[in-house]
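# Secondary and tertiary structure notes
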Amino acid sequence: MTSTMFSHGSSLPITPISRKIFRHSIDIYLKDSNATGNIYFARYFEWQGICRERWFFECISADMLAPLGVFITKDAQQTYIHETFAFQKVECEVSTAAVKQCSFSLLFQFFVDGKLVSTGHQQIVFANKDKKISRLPEHILEKIRQYENPRKVEMLSN
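First, a word on what this report is: a plain description of the structure on this page. (Residues numbered from 1 in each chain as written. Predicted model: local features only at pLDDT ≥ 70, side-chain atom pairs only at ≥ 80, totals over all residues. Heavy atoms only, no water.)

### Focus on the environment of threonine 84
For the record, the criterion: Counting from the N terminus, the helices are DSSP H or I runs at least four residues long and the strands are E runs at least two residues long. Any two residues whose heavy atoms approach within 4.5 Å at even a single point are treated as in contact. For the purposes of these results, a polar contact is taken to be a pair of N or O atoms within 3.5 Å, where, inside protein, one atom must be able to donate a hydrogen and its partner to accept one; residues adjacent in sequence count only when each atom of the pair is a side-chain atom.
Within the secondary structure layout, threonine 84 lies in the loop between β3 (69-80) and β4 (89-97). Expressed as a C-alpha distance, the spacing of threonine 84 and tyrosine 40, which sit 44 residues apart in the sequence, is 9.0 Å. Discounting residues that sit within four places of it in the chain, threonine 84 has contacts with Ile28, Gly37, Asn38, Ile39, Tyr44, Val112 and Val117. In this structure the side chain of threonine 84 is engaged in a polar contact, spanning 2.9 Å, whose partner is the side chain of tyrosine 44.

Have a look at this one:
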């Protein structure tokens, strides 16, 4: 798996309108598929987690803000658009939406050969060490806002 950060202007046909977009590549193997070679739907949730962690690590805070608290996934959703198969390469684009003091959404778009194959989102809430919802540090909110997508979550999930 590889990951890179891209500014707006990706050559892919459907790209969120963000100031920054994070991209992570995932190689698909037979272990990800069923007997006919179709990719298991549950893999996309796993890949959301992988892409989310890589984005946090590379773009937001390498320590995942562990000294201050935890990120909690309040809601997650995935919409499947086209089949994928073993030995394809999936490109995931990550952006943010609905950024607030204590929470934000992560938007995921998965592509194979430039074709949109799946979309999803996660609503993330930050909590302190006592598991009480807390404000994100301002410098972290600024980083998260750099990836903000002005479109609504529902538009990317349809």
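Back to the write-up after that little detour.
### Describing unusual backbone geometry
Applicable threshold: Whether a residue is buried, partly exposed or exposed follows from its accessible area with a 1.4 Å probe, protein chains only, as a fraction of its type maximum: under 20%, in between, or over 50%, in that order.
Its identity as a non-glycine residue notwithstanding, leucine 65 has a phi of 60 degrees, on the positive side. With respect to the helices and strands, leucine 65 occurs in the loop between α1 (42-60) and β3. On the basis of relative accessibility, which here comes to 5%, the residue leucine 65 falls in the buried class. Backbone geometry at phenylalanine 87 places phi at a positive 75 degrees, although glycine is not the residue there. With respect to the helices, strands and loops of the structure, phenylalanine 87 is situated in the loop between β3 and β4. By relative accessible area, which is 60% here, phenylalanine 87 ends up exposed.

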